[in-house]
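Coordinate analysis (summary)
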Amino acid sequence: MGFKKGFLWGGACAANQFEGAWDLDGKGDSVPDHCKGGVFNKQKVITVDIDPRQLYPSHEAIDFYHHYKEDIALFAEMGFNVFRTSINWCRIFPTGLETEPNEAGLRFYDAIFDECLRHGIEPLVTLSHYETPYALVRRFNGWLGHELIACYEKLCHVLFERYKDKVRYWLTFNEINCSTLGFGAMFGTSILRGFEGSRDKLEVSPNDRLQALHHQLVASARVVRYAHERYPQFKMGCMTVFLQTYAATCDPADELKNQHNMRQHVWYTSDVQVRGCYPSYAKRLWAQSDVHLKMEPGDEEVLREGTVDFFGLSYYMTNLVGTHDDLEEVGGSNVAGGGRNPYLAASEWGWQIDPDGLRFSLNEIYDRYQIPLMVVENGLGAQDVVEDDGSVHDTYRIDYLRRHVTAMREAVADGVDLMGYTWWGPLDLVSNGTGEMRKRYGFIFVDKHDDGTGTLARSRKDSFYYYQRVIASNGEDLGD
Ligand code: BG6
């Protein structure tokens, strides 16, 4: 009834949040390189030009670029057999427009994958984790431009061929469904030509967001089909931010609103990526939001032929949805906010902690699609206290981990085919939503702070040893 033999245990990071070295060895600037941040629970602010006098957290981040050997050795010490990271598009094609890839960028990822494999760690690669080259924003207004499909395909073809003997598991777009929500316009679709300011001030019409998303869905399907034709050993996955919501009351109107919300913001993209066509409810949804999608000849065919092999999800919290005025709003600094659930506690950032919701979600997804699932992000952002002797007693993180692994184990016992689990941010890194360092997810403490200071030294928190124990027992020894 437990986790299967060979279950993948590890951690997940994104290039822009931990590599640093933002302009080294020929790298171009991506959207996150234009983002300032580091203010408690305040969304990142984007600037058109990069002001060298200002602090941009991604520029140094935690400098994995120069610490990767030490970091991967620590992952191995915890017992990882998988490590999820993204390839920063701008290391390979600095503006996205070049015809030849940047060899120095390719060599860097060769070194990362070789180091992982040397330690028995299988790489899991995200092909696009919010790292659209900023030059493509200037030129095409991000993914609103149909041209980005070809730019992305060019990137993927190079990566597949280069790493075909080192990487088996791929995710096409991180949290692709985030672009059904307002915040996705900045990170997911990058429709921000000329825009300066806080992410919540960016206004993009539903038509533009869903058009850009259509381009991403086509791009995803094109590279999945291409990979299936040429690299039969590859396992291609989608990645959905699983924003599970519940109806706020048993009022049927709340149930209907919640169902609509789940379709509009969660199932919309995976229904396409797993089943190969837009779902039956899409037409009404487009009509309600005045969306008129432009489809090219052949789009429907490629969507049909480019379906994924497994379903990747990020899962952090749940929220309530309802029709009644007394529903109190919570959270929202990165992913989506929603209604407060009186049965759940929340993190310091207002993210409502709900392990049972993970079991519920895994069952819902598996019932719907019947393909293997993988939790490729889950974690707790919290402020840690470093004791005089350098230790960090992060019992709250251990508790979060224990309860979510227990929930996954229950889901497996329910019959869900679960492939693996990668904790978000196994070492502290820059927050995606706010650019903060103080919002720490790591089992490994990194001495880096919101004001950019710190030695970058790494040290083990209590949770490091806990996760090591969980992995060594294949999720059996949870200390409960
Ligand atoms: C996910 C993203 O939405 O949540 C990650 O894929 C991100 O990039 C993670 O870091 C946690 O969010 P935050 O804002 O706390 O960093």
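The structure contained in this document is the topic of the report that follows. This one's a predicted model, so the numbers in the text were calculated from it and none came from an experiment.

Across all of its chains, the model carries 36 salt bridges by this definition. Between E161 and K164 there is a salt bridge, with its nearest N and O atoms 2.9 Å apart. Of the residues examined, E161 reaches a relative accessible area of 42% and is grouped as partly exposed. For E229, the salt bridge goes to R230, with nearest N and O atoms at 3.5 Å. With relative accessibility at 56%, the residue E229 sits in the exposed group.

Moving on, we get to the sheet that holds strand 3 (residues 45–46). Pairing within the open sheet is antiparallel, and its three strands lie in the order 2-3-7. Two strands lie at the open edges of the sheet, namely strand 2 (35–36) and strand 7 (197–198), each paired on one side alone. Examined bridge by bridge, strand 2 and strand 3 share two bridges and lie antiparallel to one another. Paired with K36 across the bridge in strand 3 is V45.

What follows covers the packing of helix 9 (residues 206–230) against helix 10 (residues 252–275). Where helix 9 meets helix 10, the closest approach of the two axes is 10 Å, and the angle between their N-to-C directions is 30°. With respect to their mutual orientation, helix 9 and helix 10 come out roughly parallel. Seen from above, helix 9 lies across helix 10 with right-handed handedness. Of helix 10, the residues touching helix 9 (which contributes L210, L213, L217 and S220) are Y268, T269, V272 and Q273.

Our next topic: the sheet that holds strand 14 (residues 373–377). Around the barrel, which closes on itself, the eight strands sit in the order 1-4-5-6-8-10-14-15 with parallel pairing between neighbours. Between one strand and the next, the sheet's axes are offset by a mean angle of 25°, whatever the strand orientation. Note that strand 1 (residues 8–12) and strand 15 (residues 418–424) share five bridges and pair parallel. Bridge pairing links A12 to W424 in strand 15. Taken strand by strand, helix 15 (residues 462–472) contacts strand 1 and strand 15, and its axis lies near 150° from that of strand 1.

Here we come to helix 9. Count 3.6 residues to each turn of an α-helix, and residues three or four apart come out pointing the same way. Along its 25 residues, helix 9 runs 36 Å from first to last C-alpha, staying within 8% of the 36 Å computed at 1.5 Å per residue. Of all the 25 residues making up helix 9, 18 are buried; the element is thus mostly covered by neighbouring parts of the structure.

A separate point is the packing of aromatic side chains. Each aromatic ring pair is specified by the distance between its two centres and by the angle formed by the two planes. Scanning all chains against the criterion turns up 43 aromatic pairs. Relative to F234, the ring of F160 lies with its centre 5.4 Å away and its plane at 70°, an arrangement referred to as edge-to-face. Of this pair, F160 sits in helix 7 (residues 147–163) while F234 sits in the loop between helix 9 and strand 8 (235–241), and the two are 74 residues apart along the sequence. Residues F160 and F234 agree in their burial class; the two are buried. Ring centres 5.3 Å apart and planes at 75° place the aromatic pair Y316 and W351 in the edge-to-face group. Note that Y316 is positioned in the loop between strand 10 (310–314) and strand 11 (319–321) and W351 in the loop between strand 13 (338–339) and helix 13 (355–369), a separation of 35 residues in sequence.

Moving on, we get to the side chain of H34. Residue placement: H34 occurs in the loop between helix 1 (15–18) and strand 2. Of note is the side chain of H34, whose polar atom sits 2.6 Å from the side chain of D29. Discounting chain neighbours no more than four positions away, the residues touching H34 are D29, V45, I46, T47, V48, D49, I50, Y56, Y134 and R138.

Here K5 shows up in the segment before strand 1. Distance in space between the C-alpha atoms of K5 and A73 is 23 Å, their sequence separation being 68 residues.

Right, let's get into the environment of H292. Relative to the helices and strands, H292 resides in the loop between helix 11 (282–288) and helix 12 (299–305). For H292, a relative accessible area of 57% puts it in the exposed group. Beyond its immediate chain neighbours, meaning those up to four positions away, H292 contacts N207 and Q211.

Further remarks concern helix 5 (residues 103–118). Look at helix 5: 22 Å from first C-alpha to last across 16 residues, which is about the 22 Å you get at 1.5 Å a residue. Taken together, the buried residues of helix 5 touch helix 1, helix 3 (64–78), strand 4 (82–86), helix 4 (89–92), strand 5 (122–126) and helix 7. G120 lies just past helix 5 and shows a positive phi near 75°.

A few words now on unusual backbone geometry. Residues other than glycine seldom take positive phi values, yet A21 does so here, at roughly 45°. With respect to the helices, strands and loops of the structure, A21 is situated in the loop between helix 1 and strand 2. One non-glycine residue, D25, lies in the positive phi region at around 50°. Positionally, D25 belongs in the loop between helix 1 and strand 2. Classification of D25 as partly exposed rests on a relative accessible area of 43%.

Criteria and thresholds
- Residues numbered from 1 in each chain as written.
- Predicted model: local features only at pLDDT ≥ 70, side-chain atom pairs only at ≥ 80, totals over all residues.
- Heavy atoms only, no water.
- Salt bridge = Lys/Arg side-chain N within 4 Å of Asp/Glu carboxyl O.
- Buried < 20%, exposed > 50% of the residue type's maximum accessible area, 1.4 Å probe, protein only.
- Pairing = 2+ DSSP bridges.
- Helix = DSSP H or I, 4+ residues; strand = E, 2+ residues; numbered from the N terminus.
- Axes fitted to C-alpha atoms, helices over the stretch in contact; angles between N-to-C directions.
- Parallel < 35°, antiparallel > 145°, perpendicular 65-115°, else oblique.
- Left-handed = near helix turned anticlockwise from the far one by under 90°.
- Contact = heavy atoms within 4.5 Å.
- Expected span 1.5 Å × (residues − 1).
- Phe/Tyr/Trp six-rings, centres within 6.5 Å; stacked < 30°, edge-to-face > 60°.
- Polar contact = N/O pair within 3.5 Å; in protein donor to acceptor, adjacent residues only side chain to side chain.

By themselves, these observations are geometric and do not establish any function.
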